[in-house]
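# Examining the three-dimensional arrangement
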Amino acid sequence: MARPRKPLLSTDLIVETARALVDAEGLAALSTRRLAAELGVSGPSLYNHFRTKDQILEAVADSVSVLVDLSMFEGGEGARDWRTALRDWAVSYRAALRDHPNIVPVLARGPGRRPAGLRLADAVYGGMVEAGWPPAQATSIGALMRYFIMGSALGSFAGGFVDDESAYDPADYPHLGQAHLLAEQQEKIDERAFETGLTALLDGLAQQYEQLKRPE
C-alpha cells in the first residue's frame, strides 16, 4: 500500500500548526479557514476534531501549560521547600509564556476546563497546603503568582519606550533622559524586573509564613 503524501490529520497536528500560526502572526491570524489551508485540508475536516475556533484556541493554550514544569511540587526524597518550589515554578511558567506570548490573553482567562491548566493549579495549591499554608491563603498565593507571571508576559516594560531621544523633552520629563536607551536593553531589564518582583513577593510570603508558624 502506498504511503499518503500528506500526514494524516490529527488533534496534535492541528494544535501544533495552530500554535505555530499564533506564535508567528498573533491571535487575529487564526481562523478555521486559514488553519485548514496551512494543513492542506478542507475546512470541514477540522470539525472532526474541534467544533469551533475557540476550542482550538483552548487546546493551543493548554499545549503551552503542558510546558510548565511541575516536578518541584512532587514530594518524596529531595523535595524542595515551598519557597524554592514556588520560585522554580514561576521561572518555568514565565519561560513558557515568554516563548509563546501571543497566547497569553487566552491563558489569562483562567484554566476553565483545560486539563493541563487545571493540573497546574492543582499542583501549586496542593504544594502550598502540604507546606502548611491554610487553604484560603494557598488559594491567594496561587492567584497572586498567576497575576504577577501573566502580567510580566503580557508586554515588555522596557520595550514600551521609543528609542527616539527627542520624545523625552527634559522640560516635560525631567527624569526620563535615558528612557530612549531602554528598548535596546529590553531583555536584560525585563529579566531583572521579574527577578526583583519575584524575590520581593517571596520575601513577603516568607514573613507571613513565619508569623503563621509562630506559636501564639
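Structure shown above.
Residues numbered from 1 in each chain as written. Predicted model: local features only at pLDDT ≥ 70, side-chain atom pairs only at ≥ 80, totals over all residues. Heavy atoms only, no water.

Attention shifts here to the nonpolar core. Across soluble globular proteins, nonpolar side chains show a tendency to be buried alongside one another. Judged by nonpolar contacts, the single largest core of 49 residues is most densely connected at Phe73, Leu86, Trp89, Leu97 and Ile103. Listed by contribution, the elements that provide at least two residues to this core are α1 (11–25), α2 (32–39), α4 (53–65), α5 (82–99), α6 (104–107), α7 (115–130), α8 (135–154) and α9 (186–213). Ranked by residues supplied to this core, first place goes to α5 with 8 residues. Ignoring any residue separated from it by four or fewer positions in sequence, one finds leucine 86 in contact with Phe73, Val124, Met128, Ile141, Met145, Leu202 and Leu205. (Core = buried A, V, L, I, M, F, W, Y, C linked by side-chain atoms within 4.5 Å. Buried < 20%, exposed > 50% of the residue type's maximum accessible area, 1.4 Å probe, protein only. Helix = DSSP H or I, 4+ residues; strand = E, 2+ residues; numbered from the N terminus. Contact = heavy atoms within 4.5 Å.)

The next thing to look at is the layout of surface pockets. Taken as a whole, the largest pocket holds about 290 Å³ of empty space. Taken together, 19 residues line the largest pocket, and the ones lying closest to its centre are Pro111, Leu120, Ala121, Gly142 and Arg146. Those elements giving two or more residues to the lining of the largest pocket turn out to be α5, α7 and α8. Broken down by class, the residue content of the lining of the largest pocket amounts to 12 nonpolar, 5 polar and 2 charged. Of the voids in this model, the second largest pocket is the one considered here, and its volume is about 240 Å³. In this structure, the second largest pocket is lined by Arg94, Leu97, Arg98, Pro101, Ser152, Ala153, Gly155, Ser156, Gln186, Glu187, Asp190 and Glu191. (1 Å grid on protein atoms, 1.4 Å probe; cavity = no way out; pocket = protein on both sides within 12 Å on 5 of 7 lines; lining within 4 Å. Points joined across faces, edges and corners; volume = space filled by probe spheres on them. Nonpolar A, V, L, I, M, F, W, Y, C, P; charged D, E, K, R; others polar.)

Once that is clear, we can look at the side chain of arginine 94. Here arginine 94 shows up in helix α5. Assessed through its relative accessible area of 8%, arginine 94 is described here as buried. A distance of 2.8 Å separates the side chain of arginine 94 from the side chain of glutamate 191, its partner in a polar contact. Sequence-distant contacts of arginine 94, that is, excluding residues within four places in its chain, are made with Ile149, Ser152, Asp190, Glu191 and Phe194. (Polar contact = N/O pair within 3.5 Å; in protein donor to acceptor, adjacent residues only side chain to side chain.)

In this section: α5. Count 3.6 residues to each turn of an α-helix, and residues three or four apart come out pointing the same way. For α5, which comprises 18 residues, the first-to-last C-alpha distance of 26 Å matches the rise-based estimate of 26 Å (1.5 Å per residue) to within 8%. Those residues of α5 that sit buried are Trp82, Ala85, Leu86, Trp89, Ala90, Ser92, Tyr93, Arg94, Ala96 and Leu97. Packed against the buried residues of α5 are α4, α6, α7, α8 and α9. (Expected span 1.5 Å × (residues − 1).)

On their own, these measurements won't tell you what the molecule is for.
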